[in-house]
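Residues per chain, in single letters:
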Amino acid sequence: MTHPISHPMTHPVNRQIGIPCVMMRGGTSRGPFFLASDLPAVPAERDALLLSVMGAGNDLGIDGIGGGNPLTSKVAIVGPATRAGADVDYLFAQVRVQEGVVDTSPNCGNMLAAVGPFAIESGLVRAVDGVTVVRIHNVNTGKLIEARIQTPGAQVAYEGEAVIDGVPGTAAPIHLAFLDAAGANTGRLLPTGSPTDLIDGIAVSCIDAAIPVMLVRAADLGKTGYEPTDGFRSDRAFMARLEALRVEAGRRMGFPNAAGMVIPKPVLLAPPTRGGTLSVRYFMPHDCHRAMAITGAVATATACTVPGTVAAALLGGPLAMPGDVTFEHPAGRLTVRLEAGAGASGPGQSAPVAGILRTARRLFEGTVFARPSTPPRAAMAA
C-alpha cells in the first residue's frame, strides 16, 4: 500500500519551499495533487505558491512542473469533507502559466477521476475489500460526485482492462456519477432562461451542468466540426469570433468578466461520422481539447435531453432517458450514461445523473519546490 508522503516544507540548504506532492493522471489530464493541509489557507498565498510550482510566466512552464498545455497545467487540492454526505473535499485549479493566473471557477472531471485513489492512499478514506465508494464534494461547484474505485484487498488497483480514448494501454476502471450537476456555477441548468439564444445572429445554447458551456453548431461558424485540434489556433479570425460569442454568452449567464475566466467553455457540435451521437470540439476556452473534458461531456449530454437546445435539435429531438450519449472527439469516443435524477435547481431545471467511465494512475510522489519569494511556512496555516 502506498503511504502518505511527509517531507519538511523548507529545504535546509537552498531555502526553497518544499511541498509534499503526488503527480497523477486522471482521465486524459495530468497534474500535481496536494493535501489541503500542506498548502496556505489564504487563497492569494496558495495561488502564488501554485504559480511558482507550475512555472508561471512561460508558456512551457519551464521553471516548474506545468506541462506546457492546459491539460497538463492542472492542480487538485484534496482534504477532509466540509459538506454533509461527502467523504472528501476536492478543489480544482486551472493554472494558466503564461498569464500567471490560477482559476478555480471551473471543475475538471478528468482530474476528478484520480481524487478517489489519492484520498484513499493519503489516509483520508478507508478502503474496503472489493470496491470503495468515495463521495467527493467539488468545492468549485458545491456539487457531489460519487467515485467507485477498485480496491481488492483494500488497496487501490491501477492495473486493469478498462480503455479510454486519449490514454495508451489499459487500467482499472473508475466509475464517476455526477449526482446533481445542474447549476454548477449559476444555480440554473438554463442560466439565460432559454434553451437557445441568438448572439450576433448565431444560435447558441447556454447550459450549466457540471460546468457552464456554450454550445454552437460548427457549420454556423464556417467549420465542419471534424477539424484537427491544432488547426483552430492558427485561424485567428475564427478564434476571435468564438471568443466574442463566448464572452457575450458568459455575460448573459451571469459572468460579467468572462473574458478573464475560463468559463463558459465553447463547444462546437456537428453530426456524427463514426456511429456516435454527436461530433464535438471542446475549447478550454482558447485551445481545442485534444479529447473531451468530462465536465463538458456531462453538460453537452445533459443538453441533449433538453427540448429546444442546439444539441437536441441536431438529434432531431430530445434524448429519452435512460440513454447513452456517445461523443466523437479528436482522440476517439466518450460515452455518457444518463438516467433520471432527483436533483433540481428550480422548476424545469432538473438534470439527469450522468455516469462516465475513467481511469487514473499514480505517477510519482515526493517534494515539489517553490521559489522562496512565495509565502513562507509560517503563512501556511492548515
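Residues numbered from 1 in each chain as written. Predicted model: local features only at pLDDT ≥ 70, side-chain atom pairs only at ≥ 80, totals over all residues. Heavy atoms only, no water.

### Structural notes on the pattern of salt bridges
Condition: The rule for a salt bridge is simple: a side-chain nitrogen of Lys or Arg has to be within 4 Å of a carboxyl oxygen of Asp or Glu. Think of it in three bands: residues with accessible area under 20% of the maximum for their type are buried, residues over 50% are exposed, and the middle band is partly exposed, with areas taken using a 1.4 Å probe on protein chains only.
Counted by the stated rule, this structure contains 16 salt bridges. The shortest N-O distance in the salt bridge between Asp220 and Arg217 comes to 3.0 Å. Classification of Arg217 as partly exposed rests on a relative accessible area of 24%. The salt bridge involving Arg362 is made with Glu365; its shortest N-O contact spans 2.8 Å. By sharing partners, the salt bridges in this structure join Glu121, Arg362 and Glu365 into a single network.

### Description of the nonpolar core
The test is simple: Residues enter a nonpolar core if they are buried and are Ala, Val, Leu, Ile, Met, Phe, Trp, Tyr or Cys, with the set joined through side-chain atoms within 4.5 Å. Any pair of residues with heavy atoms lying within 4.5 Å of one another is described as a contacting pair.
By size, the foremost hydrophobic cluster in this structure holds 91 residues, and its most contacted members are Phe33, Tyr90, Phe178 and Leu268. Setting aside anything within four residues of it in sequence, one finds Leu268 in contact with Val216, Ala218, Leu221, Lys223, Phe232, Phe238, Leu242, Ser279, Val280, Arg281 and Phe283. Ranked by size, the runner-up nonpolar core spans 19 residues in total, among them Ile17, Leu51, Val368 and Ala370.

### Focus: the pairing of strand 3 (residues 74–80)
Short version of the rule: Each helix is a run of DSSP H or I of at least 4 residues and each strand a run of E of at least 2, with the numbering of both proceeding from the N terminus. Two strands pair under a simple rule: DSSP has to find at least two bridges between them. Seen with its strands pointing away from the viewer, a crossover is right-handed if its path from the first strand over the helix to the second goes clockwise.
Counted residue by residue, strand 3 has six buried out of seven residues, so it is predominantly covered. One ladder, built from three bridges, connects strand 2 (residues 29–35) with strand 3; its direction is parallel. When the sheet's bridge partners are listed, Phe33 is paired in strand 3 with Ala76. For the segment spanning strand 2, helix 1 (residues 43–54) and strand 3, crossover handedness is right-handed. Two elements, strand 3 and strand 4 (residues 88–96), share seven bridges in a ladder whose sense is antiparallel. Residue pairing in the sheet places Lys74 in a bridge with Gln94 of strand 4.

### Considerations on the pairing of strand 15 (residues 332–339)
Two faces make up the sheet, and in a regular strand the side chains alternate between them. Of the pairings in the sheet, the one linking strand 14 (residues 323–329) to strand 15 comprises seven bridges and is antiparallel in character. Looking at the pairing, Asp324 lines up with Arg337 of strand 15. Counting the residues between successive antiparallel strands, the hairpin from strand 14 to strand 15 contains two residues. Both strand 15 and strand 16 (residues 353–358) contribute to a ladder of three bridges, which runs antiparallel. Each residue of the ladder has a partner; that of Leu338, found in strand 16, is Ala354.

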